[in-house]
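# Structural characterization, general
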There are 2 protein chains.
Amino acid sequence: MHHSFMDSGRQTPRPALETGTHDVGRRIRLLREEHGISLSELARRAGIGKATLSGLENGFRNPTLETLWAITAELGVPLASLLAADTTSVIRGTAVEGVLLQVFEDESVTYELYRLVIPAGSTQVSPAHHEGVTEHMTIFAGVLNAGPVNAPLLAGAGEHITWRSDVPHIYATVGDEDVQASLLIRYPRP
Amino acid sequence: MHHSFMDSGRQTPRPALETGTHDVGRRIRLLREEHGISLSELARRAGIGKATLSGLENGFRNPTLETLWAITAELGVPLASLLAADTTSVIRGTAVEGVLLQVFEDESVTYELYRLVIPAGSTQVSPAHHEGVTEHMTIFAGVLNAGPVNAPLLAGAGEHITWRSDVPHIYATVGDEDVQASLLIRYPRP
DNA sequence: GATGACCGTTCCATATACGGAACGATCCGT
DNA sequence: ACGGATCGTTCCGTATATGGAACGGTCATC
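Notes on the structure in this doc start here. Note that the structure is a prediction, hence the values are computed from the model and not measured.

This brings us to the overall build of chain A. Secondary structure summary: chain A contains 4 helices and 9 strands in total. When the helices and strands of chain A are read in sequence order from the N terminus, they spell out α-α-α-α-β-β-β-β-β-β-β-β-β. Looking at chain A residue by residue over its 190 residues, the buried ones come to 49%. Of all intrachain contacts in chain A linking residues separated by at least 6 positions in sequence, the fraction that spans at least 24 positions is 68%. For chain A, the accessible area works out to roughly 9,000 Å², and carbon and sulfur atoms hold 53% of it.

Quick look at the structure:
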């Protein structure tokens with residue numbers, strides 16, 4: 001944004017509302033640049049205004065679902081991928097038995113992949129973790145109730161659940177079958 | 001503001017725009033009912049208008065990101081879960097059937113997390129991916145022989161294998177049990 | 001050093017998403 | 001039967017997200 005000095009007499013650019021809006025904008029800009037197309041070009045192809053896209057990428061707009069759909073459709077990514085990164089957390093409970101299979105250290109993020117076995121009948125609560133951490137579980141056997149303590153999600157064999165771990169979260173088996181699952185924890189670096 | 005003259009008397013209820021809006025509304029209503037709270041109550045807690053929520057649940061509105069965040073925060077679910085239908089895509093090779101559970105886009109790398117089911121007795125060969133791509137499988141049931149075609153690795157339930165997929169690679173079941181596994185593919189960006 | 005094509009940003013009138021209030025319906029307790 | 005509470009919907013003025021049209025900047029080609 002090399003627009004000279006300070007752009008005096010103009011309409012007040014609305015201050016970016018929440019951090020989330022910034023993140024979505026940043027991700028759109030990244031994706032667009034990966035595709036190697038200009039802002040004008042993407043706006044044209046997606047059938048939206050350049051002003052809209054510009055404001056959105058810079059975090060000054062609060063876009064409409066329709067707008068986001070138009071953009072993601074053109075970029076060929078699921079809309080959810082724009083919202084993927086959030087959350088916090090930490091680890092490790094005691095009732096849950098986990099084996100660390102692999103750690104991925106990348107520039108701005110670390111992933112840890114675990115294989116979990118949770119004995120039938122057990123419940124474990126983990127405290128809130130750092131902001132930005134997310135947990136992603138895939139259930140292969142049994143039924144698990146997991147997620148934020150005030151709104152856990154239920155998943156059976158073959159299902160997948162995701163939550164932000166910046167609030168206390170719980171793992172509780174349901175039924176009398178041991179739960180077998182994989183857990184991927186994502187730690188963005190500040 | 002400049003609300004013009006030709007603003008005819010009535011405000012016609014806008015026809016629901018796309019199917020996607022309907023789906024999001026339906027999912028919100030379902031989640032709300034699961035929580036056992038009324039529309040009025042949710043609107044109050046989330047700090048949005050009843051009119052907004054009503055119109056949204058019925059598919060007559062094109063909500064703003066801000067509005068969606070307020071609602072999902074109150075319901076305790078990630079916003080992406082409202083768009084779940086867009087996230088799941090199925091890949092199907094000759095033998096392997098996989099559901100894409102999640103995509104992580106980070107600065108210099110992308111991860112894709114799949115859940116796989118490979119019917120007993122099947123074999124599939126996949127062509128090489130770009131250089132630097134690696135695959136990481138966790139086996140939950142059955143026995144799998146997978147990896148580079150000239151040096152595949154054997155893994156049974158509870159085991160984990162990793163290989164570089166910049167060469168042709170193979171997936172072959174061993175024994176007569178279906179293989180259940182999770183597959184994490186890591187794509188570094190050039 | 002023009003000219004023209006394109007870029008990203010900003011200005012602005014218009015369209016529309018927003019919340020507050022009014023509404024009829026339902027369900028109490030009295 | 002009657003208030004009063006709460007429900008979901010609709011009405012409507014206001015706030016704001018939108019796209020089109022400037023605008024200034026950069027980069028070619030002449």
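Let's pick the thread back up.
With that out of the way, let us pick up helix 3 (residues 50–57) of chain B. Residues of helix 3 of chain B that are buried include every one of Leu53(B), Gly55(B), Leu56(B) and Glu57(B), and no others. With its phi angle positive at about 80 degrees, Gly59(B) sits one or two positions after the end of helix 3 of chain B.

The strands making up a sheet associate through backbone hydrogen bonding, with each pair oriented either parallel or antiparallel. Residue and element names in this part refer to chain A. Strands sit in the order 3-8-5-6 across an open sheet of 4 strands; the sheet is antiparallel. Every interior strand has two partners, whereas the edge strands, strand 3 (123–126) and strand 6 (153–156), have only one. The mean inter-strand angle of the sheet, taken between neighbouring strand axes irrespective of direction, is 15 degrees. As paired elements, strand 3 and strand 8 (residues 169–174) share 4 bridges and run antiparallel to each other. When the bridges of strand 8 are listed, Val 125 appears paired with Ile 170.

Time to look at the pairing of strand 6 (residues 143–148) of chain B. All names here are of chain B. Across 6 bridges, strand 6 lies against strand 9 (residues 169–174) in antiparallel orientation. Its bridge partner being in strand 9, Ala 146 is matched across the sheet by Tyr 171. Relative to strand 7 (residues 153–155), strand 6 runs antiparallel, the two sharing 3 bridges. The residue bridging Ala 146 from the neighbouring strand is Leu 153, located in strand 7. Where strand 6 hands over to strand 7, the hairpin turn is made up of 4 residues, counted between the paired strands.

Here we take up helix 2 (residues 39–46) of chain B. Every α-helix winds through 3.6 residues per turn, so residues three or four apart in the chain are directed the same way. Residues and elements named next belong to chain B. For helix 2, every residue scored as buried is listed here: Leu 39, Leu 42, Ala 43 and Ala 46. Relative to the axis of helix 2, the buried residues are bounded by an arc of 100 degrees and lie together on one face. Just downstream of helix 2, Gly 47 is the residue with a positive phi angle, here 75 degrees.

Cut-offs used in this document
Residues numbered from 1 in each chain as written. Chains lettered and ligands numbered in written order. Predicted model: local features only at pLDDT ≥ 70, side-chain atom pairs only at ≥ 80, totals over all residues. Heavy atoms only, no water. Helix = DSSP H or I, 4+ residues; strand = E, 2+ residues; numbered from the N terminus. Buried < 20%, exposed > 50% of the residue type's maximum accessible area, 1.4 Å probe, protein only. Contact = heavy atoms within 4.5 Å. Areas by Shrake-Rupley, 256 points an atom, 1.4 Å probe, with all protein chains shown as cover. Pairing = 2+ DSSP bridges. Axes fitted to C-alpha atoms, helices over the stretch in contact; angles between N-to-C directions. Arc of directions from axis to C-beta.

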